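Residues per chain, in single letters:
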Amino acid sequence: MSVNPSTQAADAQRVVVTGMGCVTPLGLDLASTWEAACAGRSGAGPLTRFDASDYPVRIAAELSGDPEPTTVSRKDLRRMDPAVRYALAAVEEALADSGLDLDSVDRDRVGVGIGTGIGGITTLLDNHDALQKSGPRKVSPFTIPYCISNMPGGSISIQYGLRGPNLCCVTACASGSHAIGEAARLIARGDTDVMVAGGSEAPIVGITVSGFAAMKALSVRNDAPEAASRPFDCARDGFVLGEGAGVLILERLDRARERGARILAEVRGFGASADGFHMVQPPTEGEGAARCMQAALRDAGLEPDAIGYVNAHATSTPAGDPPEVHALRSVFGAAIDGIAVSATKSMTGHLLGAAGAVEAILTIQAVATGQLPPTINLDDPDPDCALDHVVGKARKQEVEAALSNSFGFGGTNASLIFSRVRD
């Protein structure tokens, strides 16, 4: 059968998702994370990583165990910062899920893009403590390598011998989404054939918790951690700090079809913008977020009413949730009332630089399975946040295309659109 050359060229510019992996407060793999998300279970609980008894915030969304990727020796795992370890665990699952045989590809054409908001802060603090207590000779030679932000991606490249572009997006809570979007563009413009893309974060340490608490950004619902993250609810009082990683395997559509890959979704659109407004607060009408979503729709070549589901950034802060709702109404108009919306941070907590990657995975799962994960703890919806909320447990609903939003400190915004693969 002959193939139209123009169709071949177009398919070489289209980017699809062929594998996914994650470690989250809901589970140490995709299956358990997805099952918990659809069931509406919270991953939040008492903070156990350090003695937080004197802290105003004593809750977090911690991983339920310590991921141990099988491709790394125990000796090396002990040296690694958790952010690196989480990323390696997620990519191991994603590669297995994709069925990609790295021995059959040109590794010069396989790249990595992993975002993080804070990087190896555990390594930095542990070695700062060693310096203060015992002097400079007790500082590990791994301090700098494992605290720099590009090391999760660098470690993936080294572990698997991937020699294509190796990038790190550090854009606060939008890092994972920016990493996925920029990775897709690298493929679309022909710079590479495959990208390992996503985000990783391990921020549950004293300075991070106390810093966010000092900003009044975290929930202080210490006696009820599972009910603390409540996006769009009148009683929301801040986010719950989380940790984890999410990784996607992105490929050229023609290449994925040639190898008979199972295609999960197409990366249909990517938009990015800046608020140019405030260090940590969005403008009240969400103009920057609206421009970002509009850019993603233009990139996708879609009208607003083509979107059937939105995974909102919605962190559960009093000042942050309404502007996103205003932005959605600005972009989608009356159509927004027929678009299902959920805020999965209500279950996972806020994974900072990994949030966008994990939420991208949940959005793709929604498109692939027709199950839309919910927002939990939405007991008294804020009238200023009125939307078609998926509440409590998953909703069965087929969607062709879905939007995932990520917004970060510094006024940085990213929106991704995923769809079923067109013929």
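Given the structure is predicted, the values throughout are model-derived calculations rather than measurements. (Residues numbered from 1 in each chain as written. Predicted model: local features only at pLDDT ≥ 70, side-chain atom pairs only at ≥ 80, totals over all residues. Heavy atoms only, no water.)

Caption draft 1: Structural detail: the nonpolar core. Formed by 32 residues in total, the largest nonpolar core has its most connected members in Ile156, Leu162 and Val196. For this core, the secondary-structure elements that each account for two or more residues are helix 4 (82-98), strand 4 (110-115), helix 7 (151-160), strand 6 (194-201) and strand 7 (244-252). Considering each element in turn, this core owes the most residues, 10 residues, to helix 4. If we skip the residues at most four places from it in the chain, Leu162 touches Leu102, Arg107, Val110, Val112, Ile156, Ser157 and Val196. Residues Ala296, Leu297, Val310 and Phe407 belong to the second largest nonpolar core, which totals 28 residues. (Core = buried A, V, L, I, M, F, W, Y, C linked by side-chain atoms within 4.5 Å. Buried < 20%, exposed > 50% of the residue type's maximum accessible area, 1.4 Å probe, protein only. Helix = DSSP H or I, 4+ residues; strand = E, 2+ residues; numbered from the N terminus. Contact = heavy atoms within 4.5 Å.)

Caption draft 2: Region of interest: the side chain of Asn413. Here Asn413 lies in strand 15 (residues 412-419). For Asn413, the side chain forms a polar contact with the side chain of Asp275, separated by 3.0 Å. Apart from the residues within four sequence positions on either side, Asn413 is in contact with His178, Gly271, Ala272, Ser273, Ala274, Asp275, Gly288, Ala289, Cys292, Ser406 and Phe407. (Polar contact = N/O pair within 3.5 Å; in protein donor to acceptor, adjacent residues only side chain to side chain.)

Caption draft 3: Highlighting the sheet that holds strand 1 (residues 15-23). With mixed pairing, the 11 strands of this open sheet are ordered in space as 5-4-6-7-1-8-15-14-9-10-12. Two strands bound the open sheet, and with one partner strand each, they are strand 5 (166-167) and strand 12 (388-389). Sheet topology note: the strand 9 (residues 309-311)/strand 14 (residues 401-408) ladder contains 3 bridges and is parallel. Across the sheet, Tyr309 pairs through a bridge with Ala402, a residue of strand 14. Along the sheet, helix 4 contacts strand 1, strand 6 and strand 7; its crossing angle with strand 1, the most-contacted strand, is approximately 130°. Where helix 11 (residues 287-300) meets the sheet, it contacts strand 8 (265-274), strand 14 and strand 15, and its direction lies at approximately 145° from that of strand 8. (Pairing = 2+ DSSP bridges. Axes fitted to C-alpha atoms, helices over the stretch in contact; angles between N-to-C directions.)

Caption draft 4: The arrangement of the packing of helix 4 against helix 7 in detail. Orientation of helix 4 relative to helix 7, taken along the N-to-C sense of each, is 50°, at an axis distance of 9 Å. By the angle between their directions, the pair helix 4 and helix 7 is classed as oblique. In the packing of helix 4 onto helix 7, the handedness of the crossing is right-handed. Judged by residue contacts, Ala83, Val84, Ala87, Leu88, Val91, Glu92 and Leu95 of helix 4 engage Met151, Pro152, Ser155, Ile156, Gln159 and Tyr160 from helix 7. For the contact of helix 4 with helix 7, the class distribution of residues is 10 nonpolar, 2 polar and 1 charged. (Parallel < 35°, antiparallel > 145°, perpendicular 65-115°, else oblique. Left-handed = near helix turned anticlockwise from the far one by under 90°. Nonpolar A, V, L, I, M, F, W, Y, C, P; charged D, E, K, R; others polar.)

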